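Remarks on the overall topology
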Amino acid sequence: EINENITLYAKWTKVNYTVTFDLNYNGSENAVYSVPSGEPKTFPTPIRTGYTFIKWNTIADGTGTSYNPGDSVNITSNIIFYAIW
């Protein structure tokens, strides 16, 4: 029961999202990061013996949105980026 005027203040915390860099080949280990909502994440440069890295992509077959190493994107949801070799 409230018998007088009061002021209530909201406390906000950023939501963390999971960003996965999938190397996109059998036997590879994914790099997984927890990134606060709206914060940027920079794309790494992966190395795979005997292959040339081409780009990161939002779809495993390379038909989605592409990113280059060093690019960054603000994270607004859980997402997986796939290496295209």
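Analysis parameters
Residues numbered from 1 in each chain as written. Predicted model: local features only at pLDDT ≥ 70, side-chain atom pairs only at ≥ 80, totals over all residues. Heavy atoms only, no water. Phe/Tyr/Trp six-rings, centres within 6.5 Å; stacked < 30°, edge-to-face > 60°. Helix = DSSP H or I, 4+ residues; strand = E, 2+ residues; numbered from the N terminus. Buried < 20%, exposed > 50% of the residue type's maximum accessible area, 1.4 Å probe, protein only. Lys NZ or Arg CZ within 6 Å of the ring centre and 35° of its normal. Polar contact = N/O pair within 3.5 Å; in protein donor to acceptor, adjacent residues only side chain to side chain. Pairing = 2+ DSSP bridges.

**Let's talk about the packing of aromatic side chains**
Per the stated rule, a full pass over the model turns up 10 aromatic pairs. Ring centres 6.0 Å apart and planes at 75° place the aromatic pair phenylalanine 21 and tyrosine 33 in the edge-to-face group. Here the residue phenylalanine 21 occupies a position in strand β1 (residues 16-22), and tyrosine 33 occupies one in strand β2 (residues 31-36), the gap between them amounting to 12 residues. Between phenylalanine 53 and tryptophan 85, the aromatic rings sit 5.6 Å apart at their centres with planes inclined by 75°, giving edge-to-face as the arrangement. With phenylalanine 53 in the loop between β3 (40-42) and β4 (55-57) and tryptophan 85 in the segment after β7 (79-84), the pair connects residues that are 32 residues apart, well separated along the chain. Taking the relative accessible area as the measure of exposure, phenylalanine 53 reaches 16% and is therefore buried. Positioned over the ring face of tyrosine 25 is arginine 48, at 3.8 Å from the centre of the ring.

**Quick look at the environment of asparagine 3**
By the element assignment, asparagine 3 lies in the segment before β1. Given a relative accessible area of 66%, asparagine 3 falls into the exposed group. Separated by 47 residues in the primary sequence, asparagine 3 and glycine 50 place their C-alpha atoms 74 Å from one another. A polar atom in the side chain of asparagine 3 sits 3.5 Å from the side chain of glutamate 1.

**Regarding the pairing of β7**
Bridging between β1 and β7 involves 4 bridges; their strand directions are parallel. Within β7, the residue paired with aspartate 22 across the bridge is tyrosine 82. In this structure, β4 lies alongside β7, joined through 3 bridges in antiparallel fashion. In the strand pairing of β7, tryptophan 56 is matched with alanine 83.

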